[in-house]
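# Observations on the model geometry
What follows is each chain in one-letter form.
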Amino acid sequence: MHDRPGMTSRILPAPGRKRAWHIAPGVTFPLPVIVDHLNTDPSTGAVIRHIQATIGLVDGEPALIRMDARDPGGMDPYRMQREFRWASPLEVVRTGVPALLARGIDPFTFDLPLTGFPEAAEFMQPPNAQLSPDFLESIAREYLAIGRGYARAIAAERHVSERTVVSWVEKARRQGILTRVPSGSYGGQIVPRSRRRPD
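Residues numbered from 1 in each chain as written. Predicted model: local features only at pLDDT ≥ 70, side-chain atom pairs only at ≥ 80, totals over all residues. Heavy atoms only, no water.

### A look at the overall build of the protein
Helix and strand content of the protein: six helices and six strands. Sequence-ordered secondary structure for the protein, helices as α and strands as β, is β-β-β-β-β-β-α-α-α-α-α-α. The buried share among the 199 residues of the protein stands at 37%. Residue pairs in contact within the protein that sit at least 24 positions apart in sequence constitute 51% of those at least 6 positions apart. Here the protein has roughly 11400 Å² of accessible surface; of this, 54% comes from carbon and sulfur atoms. (Helix = DSSP H or I, 4+ residues; strand = E, 2+ residues; numbered from the N terminus. Buried < 20%, exposed > 50% of the residue type's maximum accessible area, 1.4 Å probe, protein only. Contact = heavy atoms within 4.5 Å. Areas by Shrake-Rupley, 256 points an atom, 1.4 Å probe, with all protein chains shown as cover.)

Right, dumping it as C-alpha cells:
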C-alpha cells in the first residue's frame, strides 16, 4: 500500500514461495520481491503509470524474472527508452537491499527516490563507503572534459545529486588525484599516480 500521493516507489513482498537470499554470513533477505513504481493523479487517484519488476532468486543470486508495465493513456516507447532503465530494479535489490540492511533499515518500509525509476544510487552506497582512487580519477576526468555544468551532467549520468558529484571532485583534490585551484575557481589537472600525495 502506498502512503504518498502522486509518484511512489517501494520494494514490496511478491506473492508465492519465498527463498532466502544469503547476502552475508548471518544476513538473508526473502525473494521474490517487487520493485514497484506507481504514478497516480493526486486529485483523482487514477493510475497514470504503473511499473512492477519482480526480482527472484536464480542460482542463488537476484535476477529480474518479470516486468509488468501499464499506462492507461498509452505507452510512449520513446519516453520509456529515455526515462526508464531496465536494470534499475535489479540494482535496487542486488546493491540497495544490502546497503539498507547494513544501516538497520527495513527495505520494505523504505521509500525509494522518486526521480526516474528509481534514482537510487546514493542510498545504495554502503555506510562509510570508500570511493576507490580509480573511481575518483574517472570522475575527475569527466569533470575536466565537461567543464562548467559538470555537476548536473555527471549527476544525471550516475543518478546522484549534484552535491554528491561536487563532493567527489573535492575528494579527488584531497586525495591528490586532481590539482587544487583557488577557491571558487574551476579546473586543474590529473596528477600522475607516481606523484600523488593525499592531504
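### Digging into the pattern of salt bridges
Counted by the stated rule, this structure contains seven salt bridges. Here Asp 111 makes a salt bridge to Arg 10, at a shortest N to O gap of 2.7 Å. One end of the pair, Asp 111, is in the loop between α2 (88-102) and α3 (121-124); the other, Arg 10, is in strand β1 (residues 7-13), with 101 residues separating them in the sequence. Asp 68 is the partner of Arg 66 in a salt bridge, and the nearest nitrogen-oxygen pair spans 2.8 Å. (Salt bridge = Lys/Arg side-chain N within 4 Å of Asp/Glu carboxyl O.)

### Description of the nonpolar core
Among the nonpolar cores identified, the biggest contains 16 residues, and Leu 136, Tyr 150, Val 165, Trp 168, Val 169, Ala 172 and Leu 178 are the most heavily contacted of them. Mapped onto this core, the elements with two or more residues apiece are α4 (133-146), α5 (150-158) and α6 (162-174). (Core = buried A, V, L, I, M, F, W, Y, C linked by side-chain atoms within 4.5 Å.)

Any functional reading would require information that these geometric values do not contain.
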